[in-house]
Amino acid sequence: MSLLPRTAEEFSSAEYWDRFFKKRGDKAFEWYGDYNKLCGILHKYIKVQDKVLVIGCGNSELSEQLYDVGYKHLTNIDISETVVTHMKQRNASRRPGLSFHQVDATQTLYEDASFQVSLDKGTLDAMASEEGGALASRMLHEVSRVLSVGGRYICVTLAQEHVISLAVEHFVHMGWAVRLHCIQEERGTEEEESFALPVFVLVCIKFRQPMATPILEMCIGDSGAPVRHTQVCELLLAVREHQAYSVVRKRLRTSVNPGSNLSLTLCQANSGLPRYTLTVQDSPPGAKIPRSNQFAIFIVPGGSETAWLYSSPEGRGQLAANANFRRLLIVAMHRNQEYTDMQAVQAELSPVVMDLAPPGMPPNHQVPFLTVGGDLGWREEVFRGRSQLSGEYCVENVRGDDGEFYRRLVFLSNSALVQSESRLLSSASRQKKSKKRAKASAAAAPASASPSVDSGFLCCAHHQVMVAALALLQEGMQRGTDVSVSVLLVGLGGGGLPQFLRDFLPRVSIEVVELDPVMLEVAKEWFGFRPDSHLTVTVGDGVEHICALEKEGGRMFDAIMLDVDNKDCSLGMSCPPAVFVETLFLQKIHNLLTSRGLFILNLVCRDPNLRKNVLEGVSSVFPTVLSQKIDQEVNEVLLCFHDQKDTTHILMSLNMCAQNLQSALSSTTTEACSRAQIDISELLKDLTVE
C-alpha cells in the first residue's frame, strides 16, 4: 500500500510517478484492472485497424496485450521519462512496432483528427485533482482535437464525482454521445487491497455535427442493455448508486458483522423506481450454525414489510435466529410494483443476491428462498393522493399473516410506517354476524368490492392501550357506576380510535383536532369514519387549539389524548412533535383536565437521552406518571394524572377498574361488528411508574 499516493494531488505529479515506477521495477501495475477485465469493452469499441493514442500508458501490460492480439497501431505516451525508457527497452525485440514517447497529454504535437481512438486508463483521474480540474480540461480538449469524426475517447476510471462530472459535462458541451459501463468484480476475485469502488469505462463518441440533445447512457458490464438518461445529474446519480452498491458488496464479501444491518435498495432499470429493499442479517459470533446453512433469502410477504419482525433490527434479529443461517438476506417488495409469483422473484433476484453471500461460502452452494405461507402475500392499492401538509399518500388493502384483510393509510415520504390501519369486513360478514366469516382466498381481494371497516377491532396496539387507560378514570368508583367522559384527541389518522370510543363507551363525548383537512376526507371515504353529535372534528392546529381552549377557560376534559406523528425524523422522536412536550404547553394541557383527568400520550422515541428529557418534562407538570410499553414496538403510552395518586393503590385496584370498562365494552354492539375486541386487563398488566 506504500506505493499508493498519499494525497489525490500526487496522482498527477510527474515526480511521484517517477518515484513510483522506479520502486515498482519490472512489476506491471495494472491500474484499475488488467486486459482480461477490460477486453470485452475494449474490443467492442476499438477496431483492429484503428490508430490508437494511449494516454498515460505507465508500465501497464495493456498495450502489449492489445498488440499481441492484433492491434498494431498503438501510440503510447506518458509524462514520465523513466517509464518510457523502461517500456521501450522491454518491447524493443518482441514488439518492434509498439511505440512509446515522453509526451505531455495536455499539449501533444499530433495533427488534428489523426487518431480514431484515445485510450486512457486512470490518467483523467490523476489529472482531475490538479489545478482545480484545469489540467484535466486541457487534456480533454487535446483529446477532442486529435480524434477524428466517429472517434472514441475510452477512459477507464473510478468515476469520483469531480472527475466524471468534469468529463461528462465537457463532452456533452461538445455535442458528443456519452456512455458509461460499470464493471463489477466477479465473485471470488476480490483482493483485500483492491478498490472497493467499481471500475467504470467512459466511452465518448465524436459526431460530425454536435448533438443538440445529449445521449447519456449507463450499462452494466460489456453486454448489459444501455439505460438512457435525459440529464447529466441523472447519470451521475446512477454512478453514485453503483458505487454505493459496490462498497456494500465488498464489505459483505470480506466480513461478517451481526450488528451492521446493512441495507440497500434495488431499482427497476427502466423506471428507476424502487423494487426491492435488501437487509443483511448475520448470525452472532458463537452461534451454532450447521455447515449447510450458509446463506438464505427470506422474501417478506407483500403488505407485511412494516411488521415488527421485518422492519425493526430486533425483529430481523429474531427472524434470523429462528432461520439459523450464517447470513440471512431479508427482501422486502415495494408497492406499485408487479410481482408474478415466487418463481419469478427468485429468477429476478438470484443474479444479484449471490453477490451478497458471506465470505468463504463454497462455490455452487445451494441457497434457499424462504417465505411465510409459500406465496408472495397480497396487496392492492385502492387510492393514491397528495396532501399539501402530509405529501403523497396511498390507501391500500393487504392480507395479514392471519389471513384477514386490512386497510392501511401510508405516507409515502415514510413508506415503512403505517399511519392508520383497520380490519375489513366482507358484505357476507356483515349479514351473518353470528357465523364465522368464510376464509378469503389466499390470492384474491375481499369478497366485497367496497368492504366495510370493522370498528370493533383496533389494529394498533397503542390505540388499544389508550382505550384501556380510560379504565383508570373509574379508580375509586363503584362497579357499574355510569358517568360521562369527555375526551379531547389530537390526531385523527383513519379515525379508528375516536370511532371505537364513540361506538363502545357509553356516555362518552369526543372532540378530535386534525391539522390536515385531506386526512379527514380520507378517514370518511376509506375508513368508514362518521362524526356525529358525540364525535366532532375540528380542522386546525392542535397546539393552537389547546392554547385557545386554555385561554378561553370554562371547558374541561376527563382525558386528553395525543397521537400525532412528527414529520421531522431527524430528532429521534417520531411521535409527537417536540412542541407537544414543551413544559409550557404541557402546563396548558394540565389546566384543561378535570381533577380526575388523565393525559394520555403516545410516545415513540428511539433516543434514550431524549426520552429521559421528555419524561422529566412531563413529570415536572404531572405529579403521577405511569408508562405502558408496547410489545415488539418502540411505542409506549404515558398515562399522566392531573392529581397526585397513590400508585400502589392504583395498581392494586387496576383489575376492578379494568372489569368496569370491560363490562361496558362487552355490552355494546354495532352494525359493523359483533363486539369490541379488546382485553383491558391484559393491556395494562405491565404498567410501570416513571
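As recorded in an unreviewed UniProt entry, the protein chain goes by the name eEF1A lysine and N-terminal methyltransferase, listed as coming from Oryzias javanicus. Recorded under Sequence similarities (unreviewed entry), the UniProt text for the protein chain is reproduced unchanged: "Belongs to the methyltransferase superfamily."

1. Considering empty space enclosed by the protein
Think of a ball as big as a water molecule: rolled over the atoms, this probe shows where empty space is left. Summed over the entire model, instances satisfying the criterion amount to 1 cavity of 30 Å³ or more. Reported here for the largest cavity is a volume of approximately 30 Å³. Lining the largest cavity we find Leu53, Ile55, Ile77, Ala105, Thr108, Met139, Glu142, Val143 and Val146. The residue inventory of the lining of the largest cavity, partitioned by class, reads 7 nonpolar, 1 polar and 1 charged.

2. Considering the sheet that holds strand E2 (residues 74-78)
Ordered in space as E3-E2-E1-E4-E5-E7-E6-E8-E9, the 9 strands form an open sheet in which the pairing is mixed. Every other strand in the sheet has two partners, leaving strand E3 (99-102) and strand E9 (227-229) as the edge strands with one partner each. Adjacent strand axes in the sheet meet at a mean angle of 20° when their direction is disregarded. When strand E6 (residues 177-183) meets strand E8 (residues 216-220), the two strands line up parallel, connected through 5 bridges. Pairing of Arg179 across the sheet is with Glu217, part of E8. The sheet contacts of helix H8 (residues 232-254) involve E6, strand E7 (199-205), E8 and E9, and relative to E8 the element is tilted by about 20°.

3. What about the sheet that holds strand E19 (residues 452-458)?
The pairing of strands in a sheet comes from backbone hydrogen bonds and takes either a parallel or an antiparallel form. Taken in spatial order, the 5 strands of this open sheet run E15-E16-E17-E18-E19, and their pairing is antiparallel. Only two strands of the sheet have a single partner each, and these edge strands are strand E15 (379-387) and E19. Averaged over all pairs of adjacent strands, the angle between strand axes in this sheet comes to 30°, irrespective of strand direction. Strand contacts of helix H15 (residues 517-526): E15, strand E16 (391-399), strand E17 (405-411) and E19, with the helix running at about 20° to E16, the strand carrying the most contacts.

4. A closer look at the packing of helix H7 (residues 161-173) against H8
It is the contact of H7 with H8, at a shortest axis distance of 11 Å, that shows an interaxial angle of 150°. Taken together, the axes of H7 and H8 lie roughly antiparallel to each other. Read as a crossing pair, H7 and H8 show a hand that is right-handed. Residue-level contacts link Glu161, Ile164, Ser165, Val168, Glu169 and Val172 of H7 to Val232, Leu235, Leu236 and Arg240 of H8. Counted by class, the contact of H7 with H8 contains 6 nonpolar, 1 polar and 3 charged residues.

5. A closer look at the pairing of E17
Along E17, 7 of the 7 residues are buried, which leaves the element largely enclosed by surrounding structure. Of the two faces of E17, both are covered, the one formed by Phe405, Arg407, Leu409 and Phe411 as well as the one formed by Tyr406, Arg408 and Val410. For E16 and E17, the ladder comprises 7 bridges, and the chain directions are antiparallel. Considered in E17, the bridge of Arg399 is made with Phe405. Between the end of E16 and the start of E17, which pair antiparallel, lie 5 residues, with Gly403 showing a positive phi angle near 85°. Counting the residues between successive antiparallel strands, the hairpin from E17 to strand E18 (residues 418-425) contains 6 residues.

6. Regarding unusual backbone geometry
Note on backbone geometry: most residues besides glycine have negative phi, and most peptide bonds are trans. With an omega of -5°, the peptide bond running from Cys575 to Pro576 counts as cis. Relative to the elements of secondary structure, Pro576 occurs in the loop between strand E24 (573-575) and helix H17 (583-591). Here Ala113, not a glycine, exhibits a phi torsion of approximately 55°, which is positive. In this structure, Ala113 sits in the loop between E3 and strand E4 (115-121). On the basis of relative accessible area, Ala113 is assigned to the partly exposed category, the value being 43%.

Conventions used here
Residues numbered from 1 in each chain as written. Predicted model: local features only at pLDDT ≥ 70, side-chain atom pairs only at ≥ 80, totals over all residues. Heavy atoms only, no water. UniProt positions renumbered as here; feature names shortened; annotations may be inferred. 1 Å grid on protein atoms, 1.4 Å probe; cavity = no way out; pocket = protein on both sides within 12 Å on 5 of 7 lines; lining within 4 Å. Points joined across faces, edges and corners; volume = space filled by probe spheres on them. Nonpolar A, V, L, I, M, F, W, Y, C, P; charged D, E, K, R; others polar. Pairing = 2+ DSSP bridges. Helix = DSSP H or I, 4+ residues; strand = E, 2+ residues; numbered from the N terminus. Axes fitted to C-alpha atoms, helices over the stretch in contact; angles between N-to-C directions. Contact = heavy atoms within 4.5 Å. Parallel < 35°, antiparallel > 145°, perpendicular 65-115°, else oblique. Left-handed = near helix turned anticlockwise from the far one by under 90°. Buried < 20%, exposed > 50% of the residue type's maximum accessible area, 1.4 Å probe, protein only.

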